[in-house]
Amino acid sequence: MSKAGLALFEQKSTGGVARQISPVDTLIYSAANPGLMFALVYIMWAPFLYPGAHMVWAILAVSQMFIIAGLYWLFSVSMPRSGGEYIYISRIMHPSLGLMSSFMITFTSISWTGILLNWIVKWSIVEFFYSMALINGNDPAWLKLAEFFNTNIMHAIICTALLLLIYYIYYKGTKWMVRLAYVTLTATLIGAVVFIIANIVTGQGTFAANFTQLTGLAYDDVIKIAKEDGYTTKFLFGATFMAGSTYIILNTLGSTFGANLAGEVRNVQKSQLLALFGSIAILMIVWTIFYGMTYVNFGDIWSNSLYYLYNAGHEAYPFQGYDPFITIMIGIMTKNPIFVFLIAICFAVATFGSAAGLGFGPSRNFVAWSFDRLIPSKFMELNPKTNSPTYALRTVIIGAWIFSMVDIFLPSWTANIAYTIFTWFLAWIFLGISGIIFSTRKKILFNSSPPIVKTKFLGMHLITILGWITLAISVSICYYLLIPFFRGDLPFTMIVVSLLLMFIPIFIYYMTKRLYAQKGVDIDIQFQEIPSD
C-alpha cells in the first residue's frame, strides 16, 4: 500500500509547458479576459435587480477584488504551478474541496466561452441590422435581416463556427492567445473612443429628441412610466454597493487566470503582482468610461428606468424583442450607420477575445487534475507541435458548445448569468478558508515559501488576514445574489446549476479514490506535495 502510494510521485511532469509568457503579456491576458466592454451588458441588468443602483459609483465596490487578488498573488508565489485555486485548496484543505472549487470555477468560465459567443450574435449582428432598420424608419429590408439572424438555428450555426475558430487558436498555442488578448484590448479601447466621439458630436439633447422621434415614446415619459410602475427614481447606497459587488465584480472574474497559467509564466512574483492588480485597475478605468458615458449620453435615472421597463417586460418598452444594448442606443443618438457598425464590430472582437481567454486559462486546470490522477492521464498530454494540452482544450470547446446551445434554446437556465456569480463565490469561500489556515495547517510548505508570503501585519500573517476578508466578501456576495432570487427576479435555475457544479466534482473525486483504493493506491498521498514544475 505504502509503496503504491509513494509511486505516484514518480510520474513525470507533462514537461513541457514552457515558461513563455512575460509579465506584460500576463497583464494584458488578465485584463482582456473579463471582457472590458461587458459594462454595456451588465448595466442592462444590475439596476433592475438592485433598484436605485448608480453604476458609476458602484465601480468602487470592485475595491474588494484587490483583497482577493492579493490572496491569489501570495498563493501563486508560494505555489507557482498551473492550476490556480485547485493547487492551493487541494494542498491546504482537502483534495475533494480543491477539485470542487476548481471545477466550479472552471466550468463556470467554460460556460462563458459558449454564452459570450451568443452575445456576439445577439448584440453585434442581430441588433446591428435592427438598429439600421430603426434609424431608417423601420425599413423592412433591414428588419428582415435582423429577423433572419435572430432565429435559433442561425444563432447555433454562428456560435458553432466561432467555437471552431477558437479551437484553432487554442491549437496554435499560448502565444496565439496572448496575441488575441492584445487585439481584444485594442478593440475595447477603440470602442471606448467611438462612444466618446459619438457623445461629443451629439449629446443628451439630441439623443432625447431622436428617441422620441424614432420610437414614438416620449423621452420624458420613460421615467414617469417606470415610477408609476413602482420603480425607484432615486439612487440608493445599499443598492449601489450590491450592484457593484455582483454585476461589476462579475466583470472582473477571469482576471485571476494568470494564476492558472503560473506554470507558464516567467518571473511569477512580478508577473502575478502586475497581472492581478494591474488588470483590475485597467478594468475600472474602462468601466468608468462606459458607465459614465451611458449616464451622460442618455441620462442616469432615465437609463435605469428604461432598463427597468425592458426587464419587467412592460408594454411601454419600445424595442419589443430586442434588448436596449449600445448598438441600438448609439444608433438612436447619432442616426449614423458608421457609429453603429464601429460599436458593433468592436464589441464582437472584444467579446470573441474574452470568450477565448475565459476558456483557455481553465484548460490548464484539467492538466493539473490529470497530473493528480483525478481524471485520465490523456488530459495532460501535449501536442508535440504546439505544446498545447489537446484533450483538455477539446473538452473546453465541447463544454462551451453545450452551454452555448443551452443559452440559445433554454435561456432560462442561463438568465442574467447569475449562476456564474453565485457559483464562483461559493468556490472562493474555500479559497478564503485556505488562506486563513495556510500558516498553521501546512507549516512546512508555508515556512518554505518566499519571504513575501510570510509577511505580517499587526502581528498576524497577511495571508491569514486576506483569507478572512476573502471569506467575508464571498459569503456576502452570495447573499446579495439571494436577495433578487427570493424576490423572484432570478429563476430557480441559478441555484440548480450551482449545486450541480458543486456536487459533480465531489462524486468524481470519491469514485476515483475508490477505484485507486481497489488497486492498493491511496491517492491522497500525492496531495502532500505540490506538483513538479
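Remember, it's a predicted structure, so these values are computed and weren't measured experimentally.

A. Representation of the overall build of the protein chain. Summing up its helical and strand segments, the protein chain has 22 helices and 2 strands in all. For the protein chain, the C-alpha radius of gyration of 24 Å lies close to 24 Å, the compact-globule estimate for 533 residues. Each principal axis of the C-alpha atoms in the protein chain carries an extent, and together these give about 80 × 50 × 40 Å. For the protein chain, the residues scored as buried account for 62% of the 533 residues in total. A sequence separation of at least 24 residues applies to 83% of the contacts in the protein chain between residues at least 6 apart. Considering the protein chain, the positive charge centre built from 30 side chains and the negative charge centre built from 22 side chains are found 15 Å apart.

B. Local environment of the packing of aromatic side chains. As enumerated under the stated definition, the model contains 57 aromatic pairs in all. Among the aromatic residues, ring-to-ring pairing joins Tyr130, Phe195, Phe207, Phe211, Tyr219, Phe290, Phe298, Trp302, Tyr310, Tyr317, Phe319 and Tyr322 into one connected group. Lying over the aromatic face of Tyr391, Arg394 brings its terminal NZ or CZ to 5.5 Å of the ring centre. The ring of Tyr516 is capped by Lys519, whose NZ or CZ atom sits 5.3 Å from the centre of that ring.

C. Quick look at the environment of Val286. Residue position: Val286 is located in helix 14 (residues 268-298). Remark: the alpha-carbon pair of Val286 and Met37, spanning 249 residues in sequence, is separated by 8.0 Å. When sequence neighbours within four positions are dropped, the list of residues in contact with Val286 reads Leu36 and Thr188.

D. Expanded view of helix 9 (residues 152-172). The end-to-end C-alpha distance of helix 9, which contains 21 residues, comes to 31 Å, matching closely the 30 Å that a straight helix rising 1.5 Å per residue would cover. Considered for burial, the residues of helix 9 that qualify are Met154, His155, Ala156, Ile158, Cys159, Leu162, Leu163, Ile166, Ile169 and Tyr170. Here the buried face of helix 9 lies against helix 7 (95-135), helix 8 (140-149), helix 10 (174-201), helix 17 (337-371) and helix 18 (390-409). Looking one or two residues beyond helix 9, the residue adopting positive phi is Gly173, at roughly 110°.

E. Broad picture of the nonpolar core. By size, the foremost hydrophobic cluster in this structure holds 190 residues, and its most contacted members are Trp119 and Tyr247. Ranked by residues supplied to this core, first place goes to helix 7 with 22 residues. Excluding residues within four positions of it along the chain, Trp119 makes contact with Phe38, Val41, Tyr42, Trp45, Ser124, Phe347 and Ile417.

F. Region of interest: a nonpolar patch on the surface. Residues Val183, Ile338, Phe341, Leu342, Ile345 and Val349 make up a contiguous nonpolar surface patch of roughly 480 Å² in combined accessible area. Ranked by residues supplied to the nonpolar patch, first place goes to helix 17 with 5 residues. Position of Phe341 among the secondary structure elements: in helix 17. Phe341 gets classed as partly exposed once you look at its relative accessible area, which sits at 45%.

G. Focus on the environment of Thr256. The residue Thr256 is located in the loop between helix 13 (237-248) and helix 14 in this model. Classification of Thr256 as buried rests on a relative accessible area of 2%. Once residues within four sequence positions are removed from consideration, Thr256 is found in contact with Tyr72, Leu276 and Trp428.

H. Main features of the side chain of Asn199. Turning to its location among the elements, Asn199 is positioned in helix 10. The exposure class of Asn199 is buried, given its relative accessible area of 16%. What Asn199 contacts, discounting residues up to four positions off in sequence, is Met293, Val296, Asn297 and Met333.

About the thresholds
- Residues numbered from 1 in each chain as written.
- Predicted model: local features only at pLDDT ≥ 70, side-chain atom pairs only at ≥ 80, totals over all residues.
- Heavy atoms only, no water.
- Helix = DSSP H or I, 4+ residues; strand = E, 2+ residues; numbered from the N terminus.
- Rg over C-alpha atoms; globule rule 2.2 N^0.38 Å.
- Buried < 20%, exposed > 50% of the residue type's maximum accessible area, 1.4 Å probe, protein only.
- Contact = heavy atoms within 4.5 Å.
- Lys, Arg positive; Asp, Glu negative; His and termini not counted.
- Charge placed at Lys NZ, Arg CZ, Asp CG, Glu CD.
- Phe/Tyr/Trp six-rings, centres within 6.5 Å; stacked < 30°, edge-to-face > 60°.
- Lys NZ or Arg CZ within 6 Å of the ring centre and 35° of its normal.
- Expected span 1.5 Å × (residues − 1).
- Core = buried A, V, L, I, M, F, W, Y, C linked by side-chain atoms within 4.5 Å.
- Patch = residues over 30% accessible without salt bridge, like charges linked within 9 Å, V, L, I, M, F, W, Y side chains within 5 Å.
- Areas by Shrake-Rupley, 256 points an atom, 1.4 Å probe, with all protein chains shown as cover.
- Salt bridge = Lys/Arg side-chain N within 4 Å of Asp/Glu carboxyl O.

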